[in-house]
Amino acid sequence: MDNILTTIVAMSSITGILAFLLSIANKTIANYGEKKLTINEDKELTVDGGDSLLSTLIENEIFIPSACGGKGSCGYCKVKVLDGGGQFLATEKGYVSEEEREKGVRLSCQCKVKEDMRIAIPEELFNVKQYLCTVTEIENLTDKIKRIRLELPEGSELDYKPGQYVQILTPVYKESDEEVYRAYSITTPPSSKNAVELFIGYIPEGICTTYIHKYLKEGDKLNVIGPFGDFQYIHSDKEMILAAIGTGMSPIMSILRHMKENNINRKVTFFFGARTRPDMYMMDILQELEKEMDNFTLITCLSRPTESCSWRGEVGRVTNLIEKFVENGDNKEAYLCGNPPMIDSVVKILLDKGFKEEDILYDKFE
Amino acid sequence: MELSPVTIFFAAIFTNNMILSNFLGMCSFIAISSDIKTSLNLGVAVTFVMTFTTIINYNVYHSLLVPLDLEYLRYIVFIVVIASFVQLVEMVVEKYFQTLYYALGIFLPLITVNCAILGVSLFMIIREYNLMQSIAFGSGSGLGWLLAIVAMAGIREKIKNNPLPKGLEGPGITLIITGLMALAFIGFSGIVQIQ
């Protein structure tokens, strides 16, 4: 018994002393004092030095997009640093191209505020805000995909473009002890400013998806930040090719609903691929849109139809559909949404068919 | 016979090299040995941390764990000490030695999980070294690790453009070279011998 007690006491005092030493070091050695942060030559902030630029900006309610939450693994949090910020780090190499680097682009999660800094960020990021939303609806679309509806707090509005995404701040819960940000595309059209809907697929061991699929209940509150993203509907009269798999349907849905509401009559074809019949969802709504919009065609395919599917439509992947139905890239524009292998192979086919690179827009879901 | 610290120092570099005779610290050895400059930086950092954590761990073990009869806690205590020490070193280097900080980059925190460092502290206990011997062993092992990784980086730079069978590229050929280097280092075994 004594043995156990001495072990516990010794272990706790050793770790306690070390933690104490480290926190003293953190307060003294790693304390850089107050620093001045100038944004776009016009806004000036006085901040506590020592933290990463990303977390310093978030503390000051400027939300730089970041899907990984500052781990340096998504490469979204790029910021132009004009002055200060120290040397370019090896951890940024994979995400910042040589060209961007010359212009001073850095990953804000890797570069620390250790001196006065001057930075430039896109104006529209000032539009990004955090909202404490209420979950009003949760619906199972398939056994792996849920639709959730988030109502914004009274009086606030989210001003977004079709195709953009928001980030959900996943709170600490039973299976995860850290707060993480995860990005999800908005599926409602921009006219729905007081509430947004998201499609959320279940990923085994995914921190946010597990939370939403297993723990989230109607009436719960969720912190949502947005809007973000360059994947946006562009207005022109080119013919549109839309392609998606899985939850990739979400931003495409937003684009289609936006077109329907505004009576945009461009020729548009949506290719959607799933594995089996039960993996198809939202078909009734898409078919309704197809009826109401003169120039909209929906083409679906199953990659592994089983007998119980009694499927008489196309068999194969989205890539096969595009090979078959898209003739050439003349005056056409493509919007793609899905996992990286799907995007890569579709982009390759479209380029072979003569699409121009700037006419292919995509959002890779990782 | 009591081994002199000098003997232990040279043995730790040549005959009892952490990488080439104990195969400890292989992860960073294989991953970071593609060019001489970075491997030299990493080697210096490892040597520094190894020397000092050995001294700290020696004192913690003999003045705390042994009197309290808690020797079996050494694994976890050593790891905690190493991790905190690396944290501290990182903070100091970040503030006062900017150039070194940027040169070492991610390698500095990675040293925490280099098993050669824990290995040195544990060998020191198993082989019942005194303080002087431990210091010699710690710094010698660090230098030996540095020597091995820099030599490996040199070889890899030389063979960088040589054709290799596809399956052997990268870690494959590195492991084979490590084996050959280990054989070559057996040649030193006549000089000194510990354990």
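Source: prediction; values computed, not measured.

Conventions and cut-offs
- Residues numbered from 1 in each chain as written.
- Chains lettered and ligands numbered in written order.
- Predicted model: local features only at pLDDT ≥ 70, side-chain atom pairs only at ≥ 80, totals over all residues.
- Heavy atoms only, no water.
- Helix = DSSP H or I, 4+ residues; strand = E, 2+ residues; numbered from the N terminus.
- Buried < 20%, exposed > 50% of the residue type's maximum accessible area, 1.4 Å probe, protein only.
- Contact = heavy atoms within 4.5 Å.
- Areas by Shrake-Rupley, 256 points an atom, 1.4 Å probe, with all protein chains shown as cover.
- Patch = residues over 30% accessible without salt bridge, like charges linked within 9 Å, V, L, I, M, F, W, Y side chains within 5 Å.
- Salt bridge = Lys/Arg side-chain N within 4 Å of Asp/Glu carboxyl O.
- 1 Å grid on protein atoms, 1.4 Å probe; cavity = no way out; pocket = protein on both sides within 12 Å on 5 of 7 lines; lining within 4 Å.
- Points joined across faces, edges and corners; volume = space filled by probe spheres on them.
- Nonpolar A, V, L, I, M, F, W, Y, C, P; charged D, E, K, R; others polar.
- Domains from an automatic or database assignment.
- Right-handed = clockwise from strand over helix to strand, strands pointing away.
- Pairing = 2+ DSSP bridges.
- Polar contact = N/O pair within 3.5 Å; in protein donor to acceptor, adjacent residues only side chain to side chain.

**Brief notes about the overall build of chain A**
Point 1. A tally of helices and strands in chain A yields eight helices and 17 strands.
Point 2. Within chain A, buried positions represent 51% of all 366 residues.
Point 3. For chain A, restricting intrachain contacts to residue pairs at least 6 apart in sequence, the fraction spanning at least 24 positions comes to 69%.
Point 4. Accessible area for chain A stands at about 18400 Å²; split by element, carbon and sulfur atoms hold 47% of it.

**A short note on a nonpolar patch on the surface**
Point 1. Together, A:Met1, A:Ile4, A:Leu5 and A:Ile8 make up an exposed nonpolar region whose accessible area comes to about 440 Å².
Point 2. By the element assignment, A:Leu5 lies in helix 1 (residues 2-28).

**Examining empty space enclosed by the protein**
Residues and elements named next belong to chain A.
Point 1. If you walk through the whole model with that rule in mind, you get one cavity of 30 Å³ or more.
Point 2. Looking at the lining of the largest cavity, its residues break down into six nonpolar, two polar and no charged.
Point 3. Both of domain 1 (34-125) and domain 2 (128-228) provide at least three residues apiece to the lining of the largest cavity.

**Looking at the pattern of salt bridges**
Point 1. Tallied over the entire structure, the rule returns 18 salt bridges over all chains.
Point 2. The partner of A:Glu137 in a salt bridge is A:Arg147, with the nearest N and O atoms 2.8 Å apart. Linking A:Glu137 in strand 6 (residues 129-140) with A:Arg147 in strand 7 (residues 145-151), this pair joins segments that are 10 residues apart in sequence.
Point 3. With a shortest N-O distance of 3.7 Å, B:Lys166 and B:Glu169 are connected by a salt bridge.
Point 4. Salt bridges sharing partners connect three or more residues here, namely A:Glu137, A:Glu139, A:Arg147, A:Arg149, A:Glu151 and A:Glu197.

**Quick word on the pairing of strand 13 (residues 268-274) of chain A**
Residue and element names in this part refer to chain A.
Point 1. Most of strand 13 is tucked away: seven of the seven residues are buried.
Point 2. The side-chain alternation of strand 13 yields two buried faces, one formed by Val-268, Phe-270, Phe-272 and Ala-274 and the other by Thr-269, Phe-271 and Gly-273.
Point 3. For the segment spanning strand 12 (residues 239-245), helix 5 (residues 249-261) and strand 13, crossover handedness is right-handed.
Point 4. Alignment of strand 13 against strand 14 (residues 296-302), held across seven bridges, turns out to be parallel. Bridge pairing in strand 14 links Phe-270 to Leu-298.
Point 5. What joins strand 13 to strand 14 is helix 6 (residues 283-292), and the crossover it makes is right-handed.

**Observations regarding the layout of surface pockets**
Point 1. In this structure, the second largest pocket occupies an estimated 1000 Å³ of space.
Point 2. Surrounding the second largest pocket, 44 residues form its lining, A:Gly50, A:Ser52, A:Cys109, A:Gln110 and A:Lys112 being those nearest its centre.
Point 3. Listing elements by their share of the lining of the second largest pocket, those giving two or more residues are helix 1, helix 2 (53-59) and strand 9 (180-185) of chain A together with helix 4 (74-96) and helix 5 (98-104) of chain B.
Point 4. The element that contributes the greatest number of residues to the lining of the second largest pocket is helix 4 of chain B, accounting for four residues.
Point 5. Of the domains in this structure, domain 1 (34-125) and domain 2 (128-228) of chain A are the two that each give at least three residues to the lining of the second largest pocket.

**Side note on the interface of chain B and chain A**
Point 1. Taken together, the contact pairs 22 residues of chain B with 23 residues of chain A.
Point 2. At the boundary of chain B and chain A, one finds two salt bridges.
Point 3. Between B:Glu94 and A:Lys114 there is a salt bridge, with its nearest N and O atoms 3.3 Å apart.
Point 4. Put simply, chain B and chain A have five residue pairs in polar contact (both at pLDDT 80 or more) between them.
Point 5. Looking at the side of chain B that touches chain A, the elements with two or more residues in it are helix 3 (36-65), helix 4 and helix 5 of chain B.
Point 6. Top contributing element to the side of chain B that touches chain A by residue count: helix 4 of chain B, with 12 residues.
Point 7. For the side of chain B that touches chain A, the per-class residue count stands at 17 nonpolar, three polar and two charged.

Such coordinate-based values are descriptive only and should not be taken to indicate function.
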